[in-house]
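Structural description and commentary
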Amino acid sequence: RMKFFNRFRRKIFGTGFGKYLMYAIGEIVLVVIGILLAVSINNYYQKESATKKTKEVTQQIYNQMVSDSLKITDYLVYLRKLDSTITYFRLPREEKLGFKKPLQKVSKLTLFIDRDNNLLEISDLVSTQIQGFDFSSTTYSQLLYNIQTEYTIGIKNIQNQSNVVLTNNRRFNDSLKKYDWYIKWSAETNCANDCINFITKSKEFNTQLAFFQYEKTYIYKIRIEQFQSKLRKHIESLKTILDSSIL
């Protein structure tokens, strides 16, 4: 039986057909190698392109977080000045001597005008960017998920406290409508005579002022600082990743 196969092999490969068959097999092998090489190169460039895009989106997220943190820092400076200004308003006349009001353009009643509340606004752009891109193949997908969660919770807490401040201000404004001087003041923001007597002698106004100071320059500030503290930690973590190109 072995002799039969040996004769068959010599018959096939010892002829022109055998040479042609070997050439065809060689061509097929070359084509397969070429295809595999092309697929490998294509996969490499696709991976490089995906890595580049991932880094770009991560950089955009990082930049937005830094921008949000700087915005918060500036706003906290304003809140501290506002707190000092309200403290100034609440001081007895004799104690105000030598004490400069930090926010010169703020008057007692303008604190309670809805259009002048000057509340912090942080967009949900970071959350949107994280949701809109697939980071599952990265080594830091959990970090981005945590960032998204912190943004959702942090912004909600800040907005909730903003709503408390606005609601209390509107309620106080409504309570002032019973006074004759209110209509003119609300139209011209010019406080005189009875209006001045109200903000300087009214227990109702002093109570509202103290409540406003507590809700906005204390509770509101705490909510913002809590968010910024977590935000800064995440910024440092993302910076380390971007600097080391760990994607």
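Let me begin by describing the structure that accompanies this report. Computed from a predicted structure; not experimentally measured.

Below, the discussion takes up the environment of G132. Inspection of the secondary structure puts G132 in the loop between α3 (125-131) and α4 (141-176). Using a relative accessible area of 66% as the deciding quantity, one classes G132 as exposed. Put simply, G132 and V57 are 75 residues apart on the chain and 9.8 Å apart in space, counted from C-alpha to C-alpha.

A few words now on the packing of helix α6 (residues 194-201) against helix α7 (residues 203-244). Each pair of packed helices can be summarised by the angle the axes make with each other and by the distance between the axes. Running from amino to carboxyl end, α6 crosses α7 at an angle of 60 degrees, the nearest separation of the two axes being 6 Å. When the axis of α6 is compared with that of α7, the two are oblique. Each of F198, I199 and K201 in α6 lies in contact with α7, whose residues at this interface are K203, E204, F205 and N206. Residues belonging to the contact of α6 with α7 are distributed by class as follows: 3 nonpolar, 1 polar and 3 charged.

Attention now goes to the environment of Q104. Turning to its location among the elements, Q104 is positioned in the loop between α2 (16-90) and α3. In this structure the C-alpha to C-alpha distance between Q104 and T85, which are 19 residues apart in sequence, comes to 8.4 Å.

The next point concerns the packing of aromatic side chains. We describe a pair of aromatic rings using the distance from one ring centre to the other and the angle between the two ring planes. Within this structure, the stated rule accounts for 14 aromatic pairs. Consider the rings of Y75 and Y78, whose centres lie 5.5 Å apart with planes at 45 degrees: the pair is tilted. With a gap of 3 residues between them, Y75 and Y78 both fall in helix α2, about one helical turn apart. Comparing Y75 with Y78, the two get one shared label, buried. Between the aromatic rings of Y182 and W185, the centroid separation amounts to 5.8 Å while the plane-to-plane angle is 40 degrees, which identifies the pairing as tilted. In this pair, Y182 and W185 are both assigned in helix α5 (residues 180-188), 3 residues apart and thus about one turn of the helix distant. Exposure remark for W185: the relative accessible area of 3% places this residue in the buried category. Three or more aromatic residues joined by ring pairs form one cluster here, namely F172, Y179, W181, Y182, W185, F198 and F205.

What counts and what doesn't
Residues numbered from 1 in each chain as written. Predicted model: local features only at pLDDT ≥ 70, side-chain atom pairs only at ≥ 80, totals over all residues. Heavy atoms only, no water. Helix = DSSP H or I, 4+ residues; strand = E, 2+ residues; numbered from the N terminus. Buried < 20%, exposed > 50% of the residue type's maximum accessible area, 1.4 Å probe, protein only. Axes fitted to C-alpha atoms, helices over the stretch in contact; angles between N-to-C directions. Parallel < 35°, antiparallel > 145°, perpendicular 65-115°, else oblique. Contact = heavy atoms within 4.5 Å. Nonpolar A, V, L, I, M, F, W, Y, C, P; charged D, E, K, R; others polar. Phe/Tyr/Trp six-rings, centres within 6.5 Å; stacked < 30°, edge-to-face > 60°.

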